[in-house]
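Survey of secondary and tertiary structure
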Amino acid sequence: GLSLLDQCIAAGGEEITREDILSILGTAGEEVFLGLSSFVEAGNAAEALMLLDRIVTDGKDVRQIIKDWITHYRSLLIVKFIKDPERMLNTSLEYADKIRLQSEEVSMEAIDHHILSLSEAAMEARWSTQPRVLLELTIVKMCSRVKGFVSPIACSKPAQAEKPKPPPLT
């Protein structure tokens with residue numbers, strides 16, 4: 001904590017802002033994850049990918065984005081079961097209310113699926129030279145699942161070789 005504070009002081013001026021801290025941590029604010037999740041729940045992969053592009057272009061770390069997005073879905077899970085989750089989530093009342101509203105629109109099945117999908121992406125991203133591509137693919141899969149589509153990648157079967165027909169009998 002003190003090391004991060006030192007970095008914020010060194011990078012900032014007389015006043016340390018929330019944006020300074022987010023920048024040092026390489027993460028995005030809660031609003032980003034509310035937005036990404038809303039786009040996913042709407043099945044809008046294009047908007048989700050464009051928002052991700054803006055975040056990454058701003059210098060945010062893809063691996064940290066994945067971790068923080070998992071935390072966001074955990075928050076959606078917690079608010080479904082806990083009446084006053086602010087302390088458990090270590091967040092403001094305002095953000096807890098936004099999470100509560102979003103959790104009403106997201107099913108438990110979707111939360112489960114998204115946490116598992118993002119966790120898988122996080123594991124793969126640890127060793128990948130292209131973690132952004134992994135997250136983009138995960139976003140498309142998450143959006144496709146919400147819209148009820150099955151990914152063509154997931155359902156493609158190897159082509160069956162046609163059995164040769166015997167020559168006609170004469």
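All figures in this text were calculated on a predicted structure; none of them were measured in a lab.

Considering the environment of Ala 122
In this fold, Ala 122 is placed in helix α8 (residues 108-125). Separated by 55 residues in the primary sequence, Ala 122 and Lys 67 place their C-alpha atoms 7.0 Å from one another. With residues near it in sequence (within four places) discarded, Ala 122 still touches Ile 66 and Ile 70.

A short note on the pattern of salt bridges
Tallied over the entire structure, the rule returns seven salt bridges. Notably, a salt bridge pairs Glu 86 with Arg 100, separated by 3.8 Å at the nearest N-O pair. Of this pair, Glu 86 sits in helix α6 (residues 86-89) while Arg 100 sits in helix α7 (residues 93-105); the two residues are 14 residues apart in sequence, bridging distant segments of the chain. Glu 86 gets classed as buried once you look at its relative accessible area, which sits at 14%. For the salt bridge of Glu 136 with Arg 132, the shortest nitrogen-to-oxygen distance reads 2.9 Å. Residue Glu 136 and its partner Arg 132 are both found in helix α9 (residues 131-146); the two are separated by four residues, about one turn of the helix. Linked through salt bridges whose partners overlap, the residues forming this network are Glu 31, Glu 94 and Lys 98.

So, how was this worked out
Residues numbered from 1 in each chain as written. Predicted model: local features only at pLDDT ≥ 70, side-chain atom pairs only at ≥ 80, totals over all residues. Heavy atoms only, no water. Helix = DSSP H or I, 4+ residues; strand = E, 2+ residues; numbered from the N terminus. Contact = heavy atoms within 4.5 Å. Salt bridge = Lys/Arg side-chain N within 4 Å of Asp/Glu carboxyl O. Buried < 20%, exposed > 50% of the residue type's maximum accessible area, 1.4 Å probe, protein only.

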